[in-house]
Amino acid sequence: INLIFIKNLELYLWNGNEKIASDALWIPFYVSLPLVKNNETPFLSQLVKDRYSIENDTYNRIVSSRNVVFLCDSYDEMYNPVNIYTLHKKELDTFKSVKIIITCRGGYLRHTLKAYKKYFSTFKKFPNSFNHYYVQPFDKQQVANYIKYVAENSYLTQDAIYHRIASISGLEDLITNPFTLSII
């Protein structure tokens, strides 16, 4: 589910549809955190250069002159948890402007990383120095409204959509997630 969100956000930003916290457009760089083999040294720039086939000079020119947002996906699948901000602080300080968005399953934070705030804080003295958001599930009325919208904009009727949902075991629970519902 996080992958769907983060990939849609990347596409949305690449298409220039969103401005984050300013009037300037942001360059998004998707980073798959499970690919990190050694998180004792900074890894963001190398993963970005590899993924987008960017040479060092081009990468340095982009980050020194443009607003950059790293879309770091699947923190919960990293080999060893690390504070990405503090690990990369020296490099990030050279950027024109940078933001880091990290996705992670909520259960991982609550159950596995009980003191998870230290892994996301930008300052050791201020453990809450980051914004923390959850994707809340849709309630039944929101699901019904979305299905009505889809039916009005497709060849399917609401009854046909509900019938298809009911025909797949477990799907009724799964569609309360906004990202899953948009796929269906």
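Here the residue numbers are simple positions, counted from 1 along each chain's written sequence. For this predicted model, a pLDDT threshold of at least 70 governs which residues receive local features, and a threshold of 80 or more governs which side-chain atom pairs are given and counted, while totals over whole chains, interfaces and linings are taken from all residues. Only heavy atoms go into the side-chain values, all of them from the structure, while hydrogens and water stay out.

### What about helix α4 (residues 84-92)?
Of the positions making up α4, those classed as buried are I84, H88 and L92. Considered in projection along α4, the buried side chains sweep an arc of 65 degrees and stay on one side of the axis. Where α4 is buried, its residues contact α2 (44-52), β2 (67-73), β3 (97-102) and α6 (117-120). Polar contacts, as counted here, are pairs of nitrogen or oxygen atoms within 3.5 Å of one another; within protein the pair requires one atom able to donate a hydrogen and one able to accept it, and residues that are adjacent in sequence qualify only if both atoms are side-chain atoms. By the criteria applied, helices consist of DSSP H or I runs no shorter than four residues and strands consist of E runs no shorter than two, each listed in order from the N terminus. Its side-chain oxygen placed 3.0 Å from the backbone nitrogen of Y85, N83 serves as the N-cap of α4. Using a 1.4 Å probe on the protein chains alone, a residue whose accessible area is under 20% of its type maximum counts as buried, one over 50% counts as exposed, and one in between counts as partly exposed. What the arc covers is the set of directions going from the helix axis to the C-beta atoms. Contacts are assigned to residue pairs with any non-hydrogen atoms lying within 4.5 Å of each other.

### A short note on the side chain of E10
Relative to the helices and strands, E10 resides in helix α1 (residues 2-14). Side chain to side chain, E10 and Y52 meet in a polar contact 2.4 Å long. With residues up to four places along the chain from it excluded, the contact list for E10 reads P28, Y30, R51, Y52 and L71.

### Quick look at unusual backbone geometry
The phi dihedral of S53 is positive, around 50 degrees, even though this residue is not glycine. Tracing the sequence through the fold places S53 in the loop between α2 and α3 (56-65). Backbone geometry places S74, a non-glycine residue, at a positive phi of 70 degrees.

### Brief notes about the pairing of β2
In terms of burial, β2 is a largely internal element, seven of the seven residues being buried. Both faces of β2 are covered, namely the face carrying N67, V69, L71 and D73 and the face carrying V68, F70 and C72. At least two bridges found by DSSP between two strands is the condition for calling them paired. Summarising the sheet, strand β1 (residues 26-32) and β2 pair through seven bridges and their orientation is parallel. In the strand pairing of β2, F29 is matched with F70. Across six bridges, β2 lies against β3 in parallel orientation. Bridge pairing in β3 links L71 to I101. Each parallel crossover has a hand, and the one from β2 via α4 to β3 is right-handed. With its strands directed away from the observer, a crossover is right-handed exactly when the path from the first strand over the helix to the second travels clockwise.

### Topic: the nonpolar core
Core analysis: the biggest nonpolar cluster contains 25 residues, and V31, L33, F43, F70, Y75 and I84 have the highest contact counts within it. Elements supplying a minimum of two residues to this core: β1, α2, α3, β2, α4 and α6. Dropping the residues within four chain positions of it, F70 is found in contact with F29, V31, L44, V48, Y59, L92, F95, V98, K99, I100 and I101. Take the buried residues of types Ala, Val, Leu, Ile, Met, Phe, Trp, Tyr and Cys, join any two whose side-chain atoms come within 4.5 Å, and each joined set is a nonpolar core. Judged by nonpolar contacts, the second largest core, of eight residues, contains I147, A151, L156 and L171.

### Points about the environment of T94
In this structure, T94 sits in the loop between α4 and β3. Residues T94 and S64 lie 30 residues apart in sequence; the distance between their C-alpha atoms is 6.6 Å. Excluding residues that lie within four positions of it along the chain, T94 makes contacts with V63 and S64. Engagement of the side chain of T94 in a polar contact is seen with the backbone oxygen of E91, the distance being 2.6 Å.

Remember that the coordinates give geometry; whether it matters functionally is a separate question.
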